[in-house]
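Fold and contact review
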Amino acid sequence: MKKHSFLVAALAALLALQPARAAEAPRLVERDGRHALMVDGAPFLMLGAQVHNSSNYPAALKKVWPAVKAMQANTVEVPVAWEQVEPVEGKFDFSFVDILVAEARQNQVRLVLLWFATWKNTSPQYVPAWVKFNNQRFPRMVGPDGKTSYCLSPLGDETLKADKRAFVALMTHLKKIDQDRHTVIMVQVENEVGTWGLVRDFGAKAQAAFEQDVPTAVLARKKAPVPGAASGNWRAVYGDYADEYFHAWAMARYIGEIAKAGRAAYDLPLFVNNALRDQVAPIKPWNSDFAAGGPNYDVIDIYKAAAPDIDIVAPDIYNPDARQFAATLNNFQRRDNALFVPEISNAAPYARYLYGILGRGAIGVAPFGVEDSDYSNYPLGAKLTDARMLAPFAPIYAAFGNVQRQWARWALEGRTHGAVEGEDHGDQSIAMKGWKANISFGQWQFGEKEWPSNAKEAPPQAGQLLGGVAIAQIADDEFVIIGQHARVRIEPTALQGKLGSMIASAEEGRFDATGRWVMERRWNGDQVDWGLNLTARPVILKVKMGRY
Ligand code: DGJ
């Protein structure tokens, strides 16, 4: 490289790392029902990685950074536990947070902190011992039979006060150490809240609240699945759904208070995550089939009403079924709720879902448990714990990483789409403005599936769950395509008085640090005769179509 071009490249790289408006705080924006997480003043695509639950200690971080690098993630999600920051009541220790933020900066990644406190997967396992073992002051829920549940009550005033104080201390500390850099871009409040085995608290205080009128903010947003009274107490309005909805409200109100106080200390985007109930089956009242009171898709409105300082109700995806996956994105992406997937299984078949999620215009995604801590959460996640576990994900992040800022902007403009191979391996199509993309899976790169010569032997990827495609329509007749194990054909939906259409140019390449497209080669001849055949190696294609 010549000295001059080396200097230009170095300057461009530096500019990419040193945003123009470094002081601008992260925030969420919505435009026509599309969203972006603004980081350093521009849309940011979070290519995340979540660490294992017990990696919130400096020694454990040593395993994290190499994994994050291998995966090419730009953001790491790490728990901060109440028990670790306030082991003694009123005495805070944020030394782990300091180390985490410093090391994230050294590794040039952003952070999302996960506040593991009153509820972590519904349990109080991360609260300090002085909370855990003082049921008088920090009450657990009580069943209708008077039996005490494992789960802390959302009606516990002292619990709320103590959790809130600790969260405010965390946010205050973050402001002090990070407001000029914004290494931390979002914070999750609690983790997969709800209660297993009990629909709500039946303790005296909860019972009294249950008999009160449904708050007007909830009434205004949440309609009863089976119409009841227009107002009145929970049972009158919501009938058989009243217990679950009341519990959702109680938890949301609790979380909402913590969020509000936290934001007042330091205003960062906040979210909650959800252990999903069935996304496809018709909604029925709670029947021990999901964690009651959690931010399930059918109670997003209750969370919005009771916790307005929570920006996003986000799904954690651990169900491999493609229909469940598609329904999850539909259920959680709403005008008032940006799509964000803070956890997805790290098992190989989930890798293709990244195309569906990012194609759909999510602000980000994070496979769970990326570092080799000699622990596997199989059967939810991969059996492998070492770097081989990252292999299906890293090349996808590499491709999106190249186009991350542009992609996030296109998502905000509603230009992006995704498709993932289903269990039926069937064809799919994506409707776009003036064009549609037909996508098929399990093909050789040459010829049609039906050809006797091709039908004799299927290609190695056929019948596996590997295919995924994300497409951004960047201009009327121009597309950026990222994908793997799929064939893409683009055809016009309207010929506009012309006879036919064909590819004007199909370029494989990349975007440079300044966002300029760098063509590496053109695909033509065999490489386009049978559609654009994407293989195991995700590539970025810029395709121009034309009508003749
Ligand atoms: C979802 C939770 O949110 C995570 O913290 C973790 O427990 C996984 N489930 C399972 O590994």
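What comes next concerns the included structure.

Procedures and definitions
- Residues numbered from 1 in each chain as written.
- Predicted model: local features only at pLDDT ≥ 70, side-chain atom pairs only at ≥ 80, totals over all residues.
- Heavy atoms only, no water.
- Salt bridge = Lys/Arg side-chain N within 4 Å of Asp/Glu carboxyl O.
- Helix = DSSP H or I, 4+ residues; strand = E, 2+ residues; numbered from the N terminus.
- Buried < 20%, exposed > 50% of the residue type's maximum accessible area, 1.4 Å probe, protein only.
- Core = buried A, V, L, I, M, F, W, Y, C linked by side-chain atoms within 4.5 Å.
- 1 Å grid on protein atoms, 1.4 Å probe; cavity = no way out; pocket = protein on both sides within 12 Å on 5 of 7 lines; lining within 4 Å.
- Points joined across faces, edges and corners; volume = space filled by probe spheres on them.
- Nonpolar A, V, L, I, M, F, W, Y, C, P; charged D, E, K, R; others polar.
- Pairing = 2+ DSSP bridges.
- Contact = heavy atoms within 4.5 Å.
- Near = heavy atom within 4 Å.
- Polar contact = N/O pair within 3.5 Å; in protein donor to acceptor, adjacent residues only side chain to side chain.
- Areas by Shrake-Rupley, 256 points an atom, 1.4 Å probe, with all protein chains shown as cover.
- Sits in = over half its atoms within 2 Å of the grid points.
- Axes fitted to C-alpha atoms, helices over the stretch in contact; angles between N-to-C directions.
- Right-handed = clockwise from strand over helix to strand, strands pointing away.
- Phe/Tyr/Trp six-rings, centres within 6.5 Å; stacked < 30°, edge-to-face > 60°.
- Patch = residues over 30% accessible without salt bridge, like charges linked within 9 Å, V, L, I, M, F, W, Y side chains within 5 Å.

Throughout the structure, instances matching the rule amount to 33 salt bridges. Linking Glu30 and Arg335 is a salt bridge whose minimum nitrogen-to-oxygen distance equals 3.3 Å. Within this pair, whereas Glu30 is found in strand E1 (residues 27-31), its partner Arg335 is found in the loop between helix H12 (322-332) and strand E12 (341-344), the two being separated by 305 residues in sequence. A relative accessible area of 37% means that Glu30 is categorised as partly exposed. Judged by relative accessible area, Arg335 falls into the exposed class, the value being 56%.

Moving on, we get to the nonpolar core. By size, the foremost hydrophobic cluster in this structure holds 126 residues, and its most contacted members are Trp115, Leu174, Trp234, Tyr238, Tyr303, Phe400 and Trp407. The dominant element in this core, judged by the number of residues it contributes, is helix H10 (residues 242-265), at 13 residues. Judged by nonpolar contacts, the second largest core, of 23 residues, contains Met432, Val469, Val488 and Ala506.

This next bit is on empty space enclosed by the protein. The tally for this structure, following the rule as stated, stands at one cavity of 30 Å³ or more. Approximately 30 Å³ is the volume attributed to the largest cavity. Looking at the lining of the largest cavity residue by residue, the class counts come to three nonpolar, four polar and no charged.

The next point concerns the pairing of E1. Across five bridges, the pairing between E1 and strand E2 (residues 34-39) is antiparallel. Each residue of the ladder has a partner; that of Arg27, found in E2, is Met38. Connecting the antiparallel pair E1 and E2 is a turn made up of two residues, with Asp32 showing a positive phi of about 50°.

Assignment of secondary structure puts Asn377 in the loop between strand E13 (364-367) and helix H14 (394-402). Filtering out sequence-adjacent residues up to four positions away, Asn377 remains in contact with Tyr318, Asn346, Phe368 and Ala382.

Before going further, it helps to examine the site of the ligand. Close to the ligand lie Asn53, Lys120, Asn121, Asn191, Glu192, Asn273, Asp316, Tyr318, Glu343, Phe368, Asn377 and Leu380. The contact in question runs from an oxygen atom of the ligand to an N or O atom on the side chain of Lys120, over 2.9 Å. When the ligand is considered free in solution it has 300 Å² of accessible area, and contact with the protein chains removes 89% of it. With respect to the detected pockets, the ligand is housed in the second largest pocket.

A volume near 430 Å³ is recorded for the second largest pocket. Forming the boundary of the second largest pocket are 24 residues, of which Asn121, Tyr318, Glu343, Asn377 and Leu380 lie nearest the centre. When grouped by side-chain class, the residues that make up the lining of the second largest pocket number six nonpolar, 12 polar and six charged.

Turning next to the environment of Val101. With respect to the element layout, Val101 can be found in helix H4 (residues 95-106). Note on Val101: relative accessible area 2%, which makes it buried. Val101 sits 351 residues away from Pro452 along the chain, and the two C-alpha atoms are 59 Å apart. With sequence-adjacent residues up to four places away left out, Val101 is seen in contact with Leu111, Ile177, Asp178, Thr183 and Val184.

What follows is about the sheet that holds E2. Strand order across the open sheet formed by three strands is E1-E2-E3, with antiparallel pairing between neighbours. Of all the strands in the sheet, just E1 and strand E3 (42-44) have a single pairing partner and so form its edges. The average angle at which neighbouring strand axes cross in this sheet is 55°, direction not considered. Across the sheet, helix H15 (residues 404-412) is in contact with E1, E2 and E3; its angle to E3 comes to roughly 100°.

On to the pairing of strand E4 (residues 46-50), then. Burial analysis of E4 places five of its five residues in the buried class, the great majority of the element. The side-chain alternation of E4 yields two buried faces, one formed by Met46, Gly48 and Gln50 and the other by Leu47 and Ala49. The β-α-β motif built from E4, the intervening helix H2 (residues 58-71) and the parallel element strand E5 (residues 75-81) has right-handed crossover chirality.

Bringing the packing of aromatic side chains into the picture now. Taken as a whole and assessed by the stated rule, the structure comprises 27 aromatic pairs. Summarising the aromatic geometry, the rings of Phe92 and Phe94 are spaced 5.9 Å apart at their centres and angled 5° between planes, so their arrangement reads as stacked. Residue classification places Phe92 among the partly exposed residues on the basis of a relative accessible area of 31%. Given the relative accessible area of 9%, Phe94 is considered buried. Both rings, one in Tyr355 and one in Phe400, keep their centres 6.0 Å apart while their planes meet at 50°; by these two values the pair is tilted.

Another point: H12. In terms of burial, H12 is a largely internal element, eight of the 11 residues being buried. Of the residues making up H12, those classed as buried are Ala322, Gln324, Phe325, Ala327, Thr328, Leu329, Asn331 and Phe332. Here the buried face of H12 lies against strand E10 (270-275), helix H11 (300-306), strand E11 (312-317), helix H13 (353-359) and strand E14 (416-420). For H12, the N-terminal capping position is held by Asp321, with its side-chain oxygen 3.0 Å away from the main-chain nitrogen of Arg323.

Among the surface-exposed residues, Leu499, Met502 and Tyr548 lie close enough to one another that they form a single nonpolar patch of about 400 Å² accessible area. Along the polypeptide, Met502 turns up in strand E20 (residues 501-511). Classification of Met502 by relative accessible area gives exposed; the value is 53%.

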